[in-house]
Number of protein chains: 2
Amino acid sequence: MSAHARGLAGVPATQSSISSIDGEKGILAYRGYPIDVLTAHSHYEETALLLLEGELPAAQALPAFDAELRANRALKPGVIELMRALPRDGHPMHMLQSVVASLGMFYPDEISQPTSTRTYADADYVRIMAIKIMARMPLLAAYWERLRRGEKLIEPRADLDFAANFLYMLTGQEPEPFMARLMDACLILHAEHTINASTFAAMVTGSTLANPYSVISAAIGALSGPLHGGANQRVLGMLDEIGSPAKVKDWLDKKLAAKEIIWGMGHREYKVKDPRAVVLHGLIEKLVAHRGGKIGHYYDIARALEEAAKERLAAKGVYPNVDFYSGILYHELGIPADQFTALFAVARSAGWLAHWTEQIADNRIFRPTQVYTGEALREYLPLRDR
Amino acid sequence: MSAHARGLAGVPATQSSISSIDGEKGILAYRGYPIDVLTAHSHYEETALLLLEGELPAAQALPAFDAELRANRALKPGVIELMRALPRDGHPMHMLQSVVASLGMFYPDEISQPTSTRTYADADYVRIMAIKIMARMPLLAAYWERLRRGEKLIEPRADLDFAANFLYMLTGQEPEPFMARLMDACLILHAEHTINASTFAAMVTGSTLANPYSVISAAIGALSGPLHGGANQRVLGMLDEIGSPAKVKDWLDKKLAAKEIIWGMGHREYKVKDPRAVVLHGLIEKLVAHRGGKIGHYYDIARALEEAAKERLAAKGVYPNVDFYSGILYHELGIPADQFTALFAVARSAGWLAHWTEQIADNRIFRPTQVYTGEALREYLPLRDR
């Protein structure tokens, strides 16, 4: 028995009005709008604005926000030179964490620091920084993809929306509208998820009044961990390891007997199937229909695994989570597996920035206590007497 | 009234045996040893080993640890090339956050990730990573100082201890032993301080099983904030603003009336003078004696400010904290003001790594809850109807 809640499970760390989860019913809502509704009717730009500002934008506000996002699709040449100095075989998440942290050096005017909490929580400042960071994150991920392949960089296109431009810059081809829409839905699904570890890292870092690049870089670091965003990349590796639908049951029984992690399964917040996995599953079915039934073998293995897992794990409340199907969809969009978590980071930047905005508007620096289990005060013995 | 503790004040977030604070008596102890004793009798290498492993090292363990630290005083040339690609007028803390995050790309063998918590908490792995990170951090700060001045890099010297080598690489001159000893004491004083925001950011990031470079980078981001480590740089700016001891009282009364932050004053954990400020104050007095009474004007202003603040703020439990005198001492050591927080980060890496070790040895990912204050589920209205 310990006197603290490990991982702060069940302990409220903040007040927040950004998103809510009903784990029994399997509902995730942003500002009151369930994600299945948003993926069906909204798009990423509108959803980001909803997360940042609290309401669906009025007719005139959305084009203005969208135009600002497009206008900020640019990076100083020095940032790209910095990226060229990074080892090409490095992981995109480590590139992102590193390069985002450097942006305060490249754009010093954007981080001129305040002398008090009040001046920092200036709404205009926070708003424009959120736009700049959201606009630049996909450029970093996409440029990195081209740089590491030794291919020519693809300049952003202001005539494409957020999802289509990102996919275009990543793959070099303007996506067909159906695929861009899938990408857009994935971005919406990953945009926000209450106080998870990366969002919490952003809040803790932001509470020191660190600049927003430092804040988002810290969140990227947390998201890179295999127990958090890093899991989606691992799902594909797991499906490769299984090899075929026929081998699923034996493989799963062995893993469960050895108490090893089944990637993409289970979530502390949900007692039912993660609503994001429900939407993603539906999107893959749409893709299968769009392609006249043709899709890679990952999907067959994943469905068999979901079925086998249902028999063995549903009683424990363990179902597919968002990572289970997202990798399969990204794979079909032509994105390499080690970029999946970077895509997650690009999408989640909206949620991180919304929480950063909320944190600094009513800030107190995070300093929890500890249950001290160490030595009482004791005498120092010189080295010769030990 | 809110249903959560803002900043998690008073809420235990972990069990820990690394350090303890007695805020009433003004005692900070690492593993049971008060910091005034450690600064008087220990040195940074020994204190770091104490923090990491829990006990003062036996006679043979210390030289082995020290030798490993010295042997790891090296960086791949690519890391220095990366630093050259960063804008020279950028802040050292942003450089550190960025470059430390990149180290996993330069040293991929050091971050090969685990498939379960158990394999990751391998004691040998954790131990060697702590040594590598502690050995490399001062190189980054010192190389940056030379690079941004356009001066030749100074290679580390294996014949100098941690503090002397760091000061040598920063300033280009082998320090006299008295000054190296002051630096060593500063490193000890900044090595650890229970669950502050940067340590907590390291724990939250580490709890996702992110690699240790990502973890330490996140902690650096949190420390960079002006409400945390960034304050020590601001104290000198504040003393400049005051200008002379005679102007202290008027300046202070105006600031207090405007409810502005007095940098280097007050700490949530202490009801008396921060024990680190007590030791630092004593070190400055030693320096004054060593120099036959000569010291820069900052110290005179700071003493006057401490006196004036005592009359006005002591009843509220507001006294000088660690940042109040550290900047003055660093200034006398010849270190530029914007490097002060980077020095803090170099010293604190021992504590961060100790907490990272503790976190992953008994890990649960951080996921606190929130008090949801937002909208209930609501209907989506198409743009044309808003």
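You'll find the structure just up there.
None of the values given here were measured: they were computed from a predicted structure.

Calculation notes
Residues numbered from 1 in each chain as written. Chains lettered and ligands numbered in written order. Predicted model: local features only at pLDDT ≥ 70, side-chain atom pairs only at ≥ 80, totals over all residues. Heavy atoms only, no water. Helix = DSSP H or I, 4+ residues; strand = E, 2+ residues; numbered from the N terminus. Buried < 20%, exposed > 50% of the residue type's maximum accessible area, 1.4 Å probe, protein only. Polar contact = N/O pair within 3.5 Å; in protein donor to acceptor, adjacent residues only side chain to side chain. Contact = heavy atoms within 4.5 Å. Least-squares fit on C-alpha atoms with pLDDT ≥ 70 in both. Pairing = 2+ DSSP bridges. Salt bridge = Lys/Arg side-chain N within 4 Å of Asp/Glu carboxyl O. Buried area = accessible area lost by both parts, 1.4 Å probe. Expected span 1.5 Å × (residues − 1). Core = buried A, V, L, I, M, F, W, Y, C linked by side-chain atoms within 4.5 Å.

Novice: I'm lost on the side chain of His94 of chain B in this one. Help?
Specialist: Within the secondary structure, His94 of chain B sits in helix α5 (residues 92-106). For His94 of chain B, a relative accessible area of 5% gives the class buried. Within the structure, His94 of chain B has its side chain in polar contact with the side chain of Asn211 of chain A (distance 3.1 Å). Residue contacts for His94 of chain B: discarding those within four places in its chain leaves Ala101, Met105, Ile111, Asn211 and Ser214 of chain A.

Novice: Looking at this structure, how should I read the relation of the copies chain B and chain A?
Specialist: Put simply, the second copy of the chain is the first one after a rotation about an axis and a shift along it. Between chain B and chain A, which share one sequence, the superposing operator has a rotation angle of 180° and an axial displacement of 0.0 Å; the RMSD is 0.1 Å. With respect to symmetry, the two chain copies, as superposed, fit the operation of a two-fold axis.

Novice: Would you mind showing me how to read the sheet that holds strand β3 (residues 27-30) of chain A here?
Specialist: Backbone-to-backbone hydrogen bonds join strands into a sheet, with any given pair of strands oriented parallel or antiparallel. Residues and elements named next belong to chain A. With respect to topology, three strands assemble into an open sheet ordered β2-β3-β4, the strand pairing being antiparallel. Looking at the sheet topology across the chains shown, the edges are occupied by β2 (19-22) and β4 (33-34). Where β3 and β4 come together, two bridges link them in antiparallel fashion. Bridge pairing links Tyr30 to Tyr33 in β4.

Novice: Help me out: how do you make sense of the pattern of salt bridges in this one?
Specialist: Where charged atoms from two side chains of opposite charge come close, those side chains can pair. What the rule picks out here adds up to 56 salt bridges over all chains. The partner of Arg127 of chain B in a salt bridge is Glu68 of chain B, and the shortest N-O contact between them spans 2.6 Å. Of this pair, Arg127 of chain B sits in helix α7 (residues 123-149) while Glu68 of chain B is found in helix α3 (residues 61-71), placing the two residues 59 residues apart along the sequence. By relative accessible area, which is 23% here, Glu68 of chain B ends up partly exposed. Here the residues in one salt-bridge network are Glu145, Arg146, Arg148, Arg149, Glu151 and Asp338 of chain A, joined through shared partners.

Novice: How do you make sense of the interface of chain B and chain A when you look at a structure like this?
Specialist: By convention, interface size is frequently given as the accessible area that disappears when the constituent parts associate. The interface of chain B with chain A comprises 115 residues on the first partner and 114 residues on the second. Regarding the contact of chain B and chain A, the summed buried area is about 9700 Å², with carbon and sulfur atoms giving 57% of it. On the chain B side of the interface with chain A, the three residues burying the most area are Met105, Arg367 and Tyr380 of chain B, jointly 10% of the side's total. Residue Glu269 of chain B is joined to Arg367 of chain A by a salt bridge in which the shortest nitrogen-to-oxygen separation is 3.2 Å. Where chain B packs against chain A, one counts 55 residue pairs in polar contact (both at pLDDT 80 or more).

Novice: Is there a simple way to think about α7 of chain B in this case?
Specialist: In an α-helix there are 3.6 residues to a turn, and that puts residues three or four apart on one side. Here α7 of chain B is 27 residues long and its end C-alpha atoms lie 40 Å apart, about the 39 Å a rise of 1.5 Å per residue gives. Counting buried residues in α7 of chain B gives 22 out of 27 residues, a clear majority hidden from the surface.

Novice: Looking at this structure, I do not really get the nonpolar core. What am I missing?
Specialist: Among soluble globular proteins, nonpolar side chains are generally buried collectively. Core analysis: the biggest nonpolar cluster contains 255 residues, and Met183, Met238 and Leu239 of chain A together with Met183, Met238, Leu239 and Leu305 of chain B have the highest contact counts within it. Sequence-distant contacts of Met183 of chain B, defined by excluding residues within four places in its chain, comprise Ala163, Phe166, Leu167, Leu170, Leu333, Ile335 and Leu343 of chain B. Phe200, Met203 and Phe366 of chain A together with Val204 of chain B belong to the second largest nonpolar core, which has 23 residues in total.

Geometric descriptors of this kind do not, in isolation, establish any biological role.
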